[in-house]
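Observations on the three-dimensional arrangement
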Amino acid sequence: DSEYRYLTIGATTKATAAGVSATGNPVELPEGATWAVSDSSVISITEDGVVTALANGKADVQMIVDGAVVGSRTIHVVVPDAVYFTQENMNAVYGEPAKLPVAALFEGKPVAIVEADAYFTLSNETAGTTSGFTFTGDEASGIKTVKIYAHAVNNPDATSGSMGINMFRADEAS
């Protein structure tokens, strides 16, 4: 299994495997079990199960034992159709980078994304700056609350999300 079945190019997820007996009980994985992928142009996998999306499409992550596929999971590499925030509001201390709670969907399913998949705009650009998935408020702006909007880089038709950011000085935050 893996945390995500949908990824964007460059995103990663960790594949895990569990042994199951014919009666459905958990068992140890056989000695020599290895990972493989059905299409190495779409995804790659390391020996420890880290899957990386390489190109749009779909491919199977496979568990191989004695040359035979004993289990697989399809991974889809997609362009998200929605980028949004997982909260309605967040607090940020001026001058300190705050991680933005951003997420993405494809046809209603969670997508693992990378920083290059989204960009952000502010209702007042003087309130602060964004870098990757972080926001840093600018105390000199005098702005205490700003609205931030998330956008998908590769899909102009994607649904966008918004969130309020409340900003404080370090001595005001509790």
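In this text the structure is predicted, and so the values were computed from the model without any measurement. (Residues numbered from 1 in each chain as written. Predicted model: local features only at pLDDT ≥ 70, side-chain atom pairs only at ≥ 80, totals over all residues. Heavy atoms only, no water.)

In this section: the pattern of salt bridges. This model, assessed by the stated rule, comprises four salt bridges. Across the pair R169 and E139 runs a salt bridge whose closest N-O atoms are separated by 3.9 Å. Pair noted here: R169 is in the segment after strand 19 (161-168) and E139 is in the loop between strand 17 (134-137) and strand 18 (145-152), with a separation of 30 residues, a long-range link. The partly exposed category is assigned to R169, whose relative accessible area is 33%. A salt bridge links R169 to D171, with the shortest nitrogen-to-oxygen separation between them at 3.2 Å. Here D171 falls in the exposed class, since its relative accessible area comes to 61%. (Salt bridge = Lys/Arg side-chain N within 4 Å of Asp/Glu carboxyl O. Helix = DSSP H or I, 4+ residues; strand = E, 2+ residues; numbered from the N terminus. Buried < 20%, exposed > 50% of the residue type's maximum accessible area, 1.4 Å probe, protein only.)

Examined against the element boundaries, A103 turns out to sit in strand 13 (residues 102-106). Sequence spacing of A103 and A82 is 21 residues, and the spatial spacing of their C-alpha atoms is 8.4 Å. Excluding anything up to four places from it in sequence, A103 contacts A82, V83, Y84 and T86. (Contact = heavy atoms within 4.5 Å.)

Turning next to the sheet that holds strand 1 (residues 6-7). Strand order across the open sheet formed by seven strands is 5-8-9-1-14-13-10, with mixed pairing between neighbours. Both outer strands of the open sheet, strand 5 (34-37) and strand 10 (82-85), are each paired with one neighbouring strand and no more. Relative to strand 13, strand 10 runs antiparallel, the two being bridged by four bridges. Of the residues in strand 13, the one forming a bridge with Y84 is A103. (Pairing = 2+ DSSP bridges.)

In short, geometric facts, not functional conclusions.
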